[in-house]
Amino acid sequence: MQGVKKVIKTILLILLASIFVFPLIWMISSSMKPEESIYQDLDSIQALLPSFELSQWLSSYSELFARFDILGYLFNSILYAAIVTVGSIFINGMAGYAFAKFQFFGKNLLFSLLLAMLIVPVETVIITQFTIIHNLGLVNSRLAVVLPMIANAFFIYLFRNFFIAVPNSIIESARIEGASNWSIFWRIMMPMSKPAIATVGTLSFIASWNDYIWPLMILTDGDKFPLQVAITNINSTQPVFTNQIMAILTISTIPLIFVYVFAQKYLLQGLGSSGTGSK
């Protein structure tokens, strides 16, 4: 009976995974065949297969790179994502450390307000956010793209829970040895919170890489566009070729797959223990 349940569970998981993997396979295979073949193969299994001629596999990619500055868009996306990732780890880590181990007036109230921000949709504050950036004179700057994404209430909450689990005796011993608050944070707290670092780093990288609305609002110079905003321009620039659209979508998806695969272990640990602070 136990074996039958295991088989049924495996089959259901395979079917569920197929639902999510099917569009990805179709997207990749469509980027590796001529435009007309995409529509000719829609009603057959060949829709999930690339062209049978190897010379056509990269033709849509070469044409795409010839028409648009894909490398420039990729550089922008990688730059924004890297800055947001590193900034999120340090800024949210320091805030989480303060909430976990420091005592100051209004700490509980401030943390309660921070948690309340978790239920506020980003879309409700994006106009206010734009107004602040405009008043600071940062419109159409790279700094404006990354600055609002560095601080995050959930990441602060996650770091706080991990830091609370660190015994105070370790911190007191370090202070007796003459360590400053920064040394304790950098040399003790952060190395002991690798799952939190991996979780925050992965989620912030994905959020920055997939961000579309904010860069579209704040940037007017096409040379500063990230890849997600550039996809819209590519999709609206005549002539529009479906295989080239699939090629740019494949390019934008590959980094996310690699990031998730390499950080999957720590990501699951971080999210699984975010409510308890256990490591």
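Only a predicted model underlies this, so the values are computations on that prediction, with no experimental measurement involved. Note that residues are indexed from 1 along each chain, following the sequence as it is written. Under the rules for a predicted model, residues below a pLDDT of 70 receive no local features and side-chain atom pairs below 80 are neither given nor counted, while totals for whole chains, interfaces and linings still include all residues. Heavy atoms throughout the structure, all of them, feed into the side-chain values; hydrogens and water do not.

### A short note on the packing of aromatic side chains
Here is step 1: Centre distance within 6.5 Å is the pairing criterion for rings of Phe, Tyr and Trp, where only the six-membered ring of Trp is used; planes under 30 degrees apart are then read as stacked, over 60 as edge-to-face, and the remainder as tilted. A full pass over the atoms with the stated rule returns 13 aromatic pairs.
Here is step 2: Each ring is checked for a lysine NZ or an arginine CZ that lies within 6 Å of its centre and within 35 degrees of its normal; such an atom marks a charge sitting over the ring. Against the face of Phe-111 rests Arg-160, its NZ or CZ located 4.2 Å from the ring centre.

### A short note on the nonpolar core
Note on soluble globular proteins: their nonpolar side chains tend to be buried together.
Here is step 1: Leu-64 and Ile-70 are the most contacted members of the largest nonpolar core, which has 33 residues in total.
Here is step 2: Counting from the N terminus, the helices are the DSSP runs of H or I reaching at least four residues and the strands are the DSSP runs of E reaching at least two. Going through the elements one at a time, α3 (59-67), α4 (70-101), α6 (126-135), α7 (142-150), α11 (194-210), α12 (213-218), α13 (227-236) and α14 (242-272) are the ones with two or more residues in this core.
Here is step 3: What makes a nonpolar core is a set of buried Ala, Val, Leu, Ile, Met, Phe, Trp, Tyr and Cys residues whose side-chain atoms join them at distances within 4.5 Å. Only protein chains enter the accessibility calculation, which uses a 1.4 Å probe; a residue whose area is less than 20% of its type maximum is buried, one above 50% is exposed, and one in between is partly exposed. Ala-100, Phe-159, Met-190 and Ala-196 belong to the second-largest nonpolar core, a separate cluster that totals 18 residues.

### Re the confidence of the model for the protein chain
Here is step 1: With 95% of its residues at a pLDDT of at least 70, the protein chain reaches an overall mean of 86.
Here is step 2: No element of the protein chain has a lower mean pLDDT than α14, at 81, and none a higher one than α4, at 94. What pLDDT reports is the predictor's confidence in each residue, on a scale of 0 through 100.

### Here's the deal with unusual backbone geometry
Here is step 1: Note that the residue after Gln-238, namely Pro-239, is joined by a cis bond; omega there is -5 degrees.
Here is step 2: With respect to the element layout, Pro-239 can be found in the loop between α13 and α14.

### Notes on the environment of Ile-164
Here is step 1: Within the fold, Ile-164 resides in helix α8 (residues 153-164).
Here is step 2: On the basis of relative accessibility, which here comes to 41%, the residue Ile-164 falls in the partly exposed class.
Here is step 3: As a C-alpha pair, Ile-164 and Tyr-97 span 67 residues in sequence and 8.3 Å in three-dimensional space.
Here is step 4: Whether two residues are in contact is decided by their heavy atoms: any pair within 4.5 Å suffices. Aside from chain neighbours lying at most four places away, what touches Ile-164 is Ala-100 and Lys-101.

### Here we look at the layout of surface pockets
Here is step 1: The volume enclosed by the largest pocket comes to roughly 1000 Å³.
Here is step 2: The distinction between a cavity and a pocket rests on a 1 Å grid over the protein atoms alone: a 1.4 Å probe fits inside a cavity but cannot get out, while a pocket stays open yet meets protein on both sides within 12 Å along at least five of seven lines, and a residue with an atom within 4 Å of a point counts as lining. Along the wall of the largest pocket there are 30 residues; nearest its centre are Val-122, Val-125, Gln-129, Pro-148 and Ala-151.
Here is step 3: The element that contributes the greatest number of residues to the lining of the largest pocket is α6, accounting for 5 residues. Grid points are joined across faces, edges and corners, and a volume is the space filled by probe spheres set on the points.

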